[in-house]
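Geometric and topological summary
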Protein chains: 2
Amino acid sequence: MSTKTIRNMEEFAAAIGLSRPTVSKFFNDPESVKTSTRERIEAALKAHDYRPNIYAMNQNRKLTKNVGIVVPYLADPFFAEIARNIEQRCIDAGYRPTLYSSHGDPALEGEILDGLRSLKPAGVLLAPLGRASDRAAVEKFCTDVPTVLFDSSLPGVGAPFVGSDNPQFTNLIVEYLCRTAEPPSFFEMATPANPNAKKRRQAYVEAMEVRGFEPHVVSVPGSGWAFEEIGHEGGLAALDARRFATDTVLCSNDRLAIGFLAACYERGLRVGRDEGAAIRVAGQDDHPFSRFTCPPLTTVAQDYASVSRHAVQTLMDLVEGGEAPAETTLFEGKLIMRASA
Amino acid sequence: MSTKTIRNMEEFAAAIGLSRPTVSKFFNDPESVKTSTRERIEAALKAHDYRPNIYAMNQNRKLTKNVGIVVPYLADPFFAEIARNIEQRCIDAGYRPTLYSSHGDPALEGEILDGLRSLKPAGVLLAPLGRASDRAAVEKFCTDVPTVLFDSSLPGVGAPFVGSDNPQFTNLIVEYLCRTAEPPSFFEMATPANPNAKKRRQAYVEAMEVRGFEPHVVSVPGSGWAFEEIGHEGGLAALDARRFATDTVLCSNDRLAIGFLAACYERGLRVGRDEGAAIRVAGQDDHPFSRFTCPPLTTVAQDYASVSRHAVQTLMDLVEGGEAPAETTLFEGKLIMRASA
DNA sequence: GAAAAAAATTATCGCGCGTAAAAAATTTAT
DNA sequence: ATAAATTTTTTACGCGCGATAATTTTTTTC
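Residues numbered from 1 in each chain as written. Chains lettered and ligands numbered in written order. Predicted model: local features only at pLDDT ≥ 70, side-chain atom pairs only at ≥ 80, totals over all residues. Heavy atoms only, no water.

Focus on the nonpolar core
By size, the foremost hydrophobic cluster in this structure holds 112 residues, and its most contacted members are A:Leu125, A:Phe260, A:Val281, B:Leu125, B:Phe260 and B:Val281. Dropping the residues within four chain positions of it, A:Val281 is found in contact with A:Val249, A:Cys251, A:Ala257, A:Phe260, A:Leu261, A:Cys264, A:Val271, A:Leu297, A:Thr298, A:Ser340 and A:Ala341. Residues A:Cys142, B:Phe141, B:Val145 and B:Val157 belong to the second largest nonpolar core, which totals 40 residues. (Core = buried A, V, L, I, M, F, W, Y, C linked by side-chain atoms within 4.5 Å. Buried < 20%, exposed > 50% of the residue type's maximum accessible area, 1.4 Å probe, protein only. Contact = heavy atoms within 4.5 Å.)

Take a look at the structure:
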């Protein structure tokens, strides 16, 4: 407790008996001052609850410690989880992350990137909307601001990308499904926002052909991010029209599968891999809720930890090291066997 | 298109043939300059893509246009949805919202509030962790920064609160359940983070007693935010121990209900209100995923729109009008009848 | 103990803008 | 047309800190 309030760094330094530049140096890098000095400052910090004015700090600095994290749709717990993971890693690395969601809206994505520019961030971790993104705008942003793309790549944009190995995901689960019973049909939305969906469909077709099975792709109408609803409505229609060639359905992603499970339930189809079951259903992603569907969903788990860790590491290299190759890093998924297939 | 790059407001003003203070006035309130002047500036704005440096702007200003939005757990789509709603309303009101999640961690909540201070926000919309929150810290924050609490109130903290009328929620669904079949047992976690849970249990007990039924509360161990898991594990144990007095279970919230549904499925109990069903299950909140459970969950819908609208309105009044009474506003829920009960 | 190295100080600038007061230009009223 | 009221512009200063260079002080090394 001190008698007078500290208004700025000058007063704070004076209260300790140090010069302002020394204290300034400390805030930029505590290791850059002598140990005894550092301890004096840290002690005073607790006594006076002073903090540097962040606006004054960043105004005259070439690079701030701000990091932007942009995800396409935060109401999807998958993105919430990975954002949380990334956020924490940024904090641990001494940066100040700010989270944004495009809410599935390309215009909003553009506005977020625009707003981010004026924050002069050290770097940005961007999971773009995908197909719907304004490619030119994103590309320009990536050349202006050190950016690492994650989850969804953007062809032609020269920024490092960290994501999942979609073909491996699909191969893994197709192999499992073919091995254990009838080969799967593939259930997807016709116009997915995310480019990963396309890769998964292609991988499905190849995986089936390699094994000598004929691929059956069931595309249902729908775009946007209301995957459960699309899976539900489309699932009902597809079931009623008997569009599935076998008793096994592989969904393009878990949220679609959750909607499809609801459709199966509604039609009285028992889902599972045991004797009395009418249909097997599998997903891809290992969504946080997939453990609690009825029945629990068999799926392929995204490697959240690796993706977020590597994305942040790549950004740090890019920020601190200057140039970096715009390379792609993909992580493999793990088969999660549950009751649905 | 201009030949030289605009570096600051001085150059920008010069390019139009105006003085910097006039342009500065425009940015603070476009209506405060003559119409013809405003049009000249807006035209130049498009030609030169200049934007004021936000750090220089905020440094010497008593009040910024920043608004903080803090939710306890962003991986819960309920909070993601309401945050999105609030965020958009703040933008529409001309403010610059930033979203934070406490991730269920009291320490992190404290750090977020601390970091928020140095942003000198015009106001903050805070959904506190609840029971786990550092009450003293939150209270002090509320006296320093104009704050509106939402979702979860904090007894003793003198800030306006906007939330849901929990007793009304519970009464509504208890009335429905009692009217249509056997009166419900109440399924909850023993040590909920959120104070709403307690109010719901109390309301359940009263609602039962009023109708001449004996209340049965089934509390299962668990704390934190992994509600589905707690509902699942606790549900299995409670079912096996035959702790439910009737064939109807009212869950404290939808996420708990989702976990409980999974437990029912695992034990082969058919959930629903039709003939062959073994048990009825209902929730509270109308979680975004509740439409797609198996069977779809009967619940009470939160009035997202009203809560977010009124919370933002209250904050704006508080920010622009100065003082405001620390009053409480509650919104009623709507019964959502689906197949589960 | 002196020389070398490291750390802290002094001094001074600049960042880009907010803001207040005074001066000038414009609009409105008489 | 002239005076009064309003709007706009000019002038001047300050915000809190980063950054740098030139000294001075302290610490380390031999």
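Focus on the interface of chain A and chain B
Frequently, the measure chosen for interface size is the accessible area that the parts lose on association. In this complex, chain A contributes 41 residues to the contact, which on the side of chain B involves 41 residues. Roughly 4,100 Å² of surface becomes buried between chain A and chain B when both sides are summed, with 62% attributable to carbon and sulfur atoms. At the boundary of chain A with chain B, the tally comes to 4 salt bridges. A salt bridge links B:Asp114 to A:Arg51; the shortest N-O distance between them is 2.8 Å. Between chain A and chain B we count 12 residue pairs in polar contact (both at pLDDT 80 or more) in total. Secondary-structure elements contributing two or more residues to the side of chain A that touches chain B are α4 (54-59), α5 (77-92), β2 (96-101), α6 (106-117), α10 (227-240) and α11 (254-266) of chain A. Looking at the side of chain A that touches chain B residue by residue, the classes come out as 19 nonpolar, 12 polar and 10 charged. (Buried area = accessible area lost by both parts, 1.4 Å probe. Salt bridge = Lys/Arg side-chain N within 4 Å of Asp/Glu carboxyl O. Polar contact = N/O pair within 3.5 Å; in protein donor to acceptor, adjacent residues only side chain to side chain. Helix = DSSP H or I, 4+ residues; strand = E, 2+ residues; numbered from the N terminus. Nonpolar A, V, L, I, M, F, W, Y, C, P; charged D, E, K, R; others polar.)

Focus: the sheet that holds strand β6 (residues 185-189) of chain B
All names here are of chain B. Within the open sheet, the 4 strands sit side by side as β7-β6-β8-β9. Their pairing is parallel. Where the open sheet ends on each side, the last strands, each with one partner, are β7 (217-220) and β9 (280-282). Adjacent strand axes in the sheet meet at a mean angle of 25°, parallel and antiparallel pairs treated alike. By the bridge criterion, 3 bridges tie strand β8 (residues 248-251) to β9 in an arrangement that is parallel. Looking across to β9, one finds that Leu250 is bridged to Ala282. Helix-sheet contacts for helix α8 (residues 166-180) involve β8 and β9, and the interaxial angle to β8 is about 170°. (Pairing = 2+ DSSP bridges. Axes fitted to C-alpha atoms, helices over the stretch in contact; angles between N-to-C directions.)

Digging into the packing of α8(B) against helix α9 (residues 195-210) of chain B
Residue and element names in this part refer to chain B. Taken N-terminus to C-terminus, the directions of α8 and α9 make an angle of 40°; their axes are 8 Å apart at the nearest point. When the interaxial angle is binned, α8 and α9 end up oblique. Read as a crossing pair, α8 and α9 show a hand that is right-handed. When α8 is examined against α9, the residues Asn166, Pro167, Phe169, Thr170, Asn171, Val174 and Cys178 are found in contact with a partner set consisting of Asn196, Lys199, Arg200, Ala203, Tyr204, Ala207 and Met208. Split into classes, the residues belonging to the contact of α8 with α9 amount to 8 nonpolar, 4 polar and 2 charged. (Parallel < 35°, antiparallel > 145°, perpendicular 65-115°, else oblique. Left-handed = near helix turned anticlockwise from the far one by under 90°.)

Some details on the pattern of salt bridges
Should the charged atoms of two oppositely charged side chains come close, the side chains can pair. Counted according to the given criterion, the structure contains 32 salt bridges over all chains. In this structure, B:Arg38 engages B:Glu31 in a salt bridge whose closest nitrogen and oxygen atoms are separated by 3.9 Å. B:Arg38 gets classed as buried once you look at its relative accessible area, which sits at 15%. A salt bridge links B:Asp76 to B:Arg255, with the shortest nitrogen-to-oxygen separation between them at 3.1 Å. Residue B:Asp76 is located in the loop between β1 (66-71) and α5 (77-92), and its partner B:Arg255 is located in helix α11 (residues 254-266); the two are separated by 179 residues in the primary sequence. It is possible to trace a salt-bridge network through shared partners that takes in A:Arg51, B:Asp114, B:Arg117, B:Lys140 and B:Asp144.

Here's the deal with the environment of B:Asp92
For B:Asp92, the position within the fold is in helix α5. It is 23 Å that separates the C-alpha atoms of B:Asp92 and B:Phe331, two residues lying 239 residues apart in sequence.

Overview of α11(B)
All names here are of chain B. Between its terminal C-alpha atoms α11 stretches 18 Å, which fits the 18 Å expected from 13 residues at 1.5 Å a residue. Most of α11 sits inside the fold, with 11 of its 13 residues counted as buried. Within α11, burial applies to Asp254, Arg255, Leu256, Ala257, Ile258, Gly259, Phe260, Leu261, Ala262, Ala263 and Cys264. Buried residues belonging to α11 abut β6, α10 (227-240), β8, β9 and β10 (299-301). (Expected span 1.5 Å × (residues − 1).)

Observations regarding the domain arrangement of chain A
Residue and element names in this part refer to chain A. Under the domain assignment, chain A is made up of domain 1 (9-52), domain 2 (60-163 + 305-330) and domain 3 (166-301). Once you take the C-alpha centre of each, domain 2 and domain 3 turn out to be 30 Å apart. Listed as interface residues are 15 residues of domain 2 and, on the opposing side, 11 residues of domain 3. Contact between domain 2 and domain 3 buries roughly 1,100 Å² in total, counting both sides, with carbon and sulfur atoms accounting for 56%. Together, Tyr73, Pro77 and Arg131 form the three largest contributors to the area buried by domain 2 at its contact with domain 3, with a combined 36%. The interface formed by domain 2 and domain 3 holds 1 salt bridge in total. The tally of links between domain 2 and domain 3 comes to 7 residue pairs in polar contact (both at pLDDT 80 or more). Broken down by class, the residue content of the side of domain 2 that touches domain 3 amounts to 7 nonpolar, 4 polar and 4 charged. (Domains from an automatic or database assignment.)

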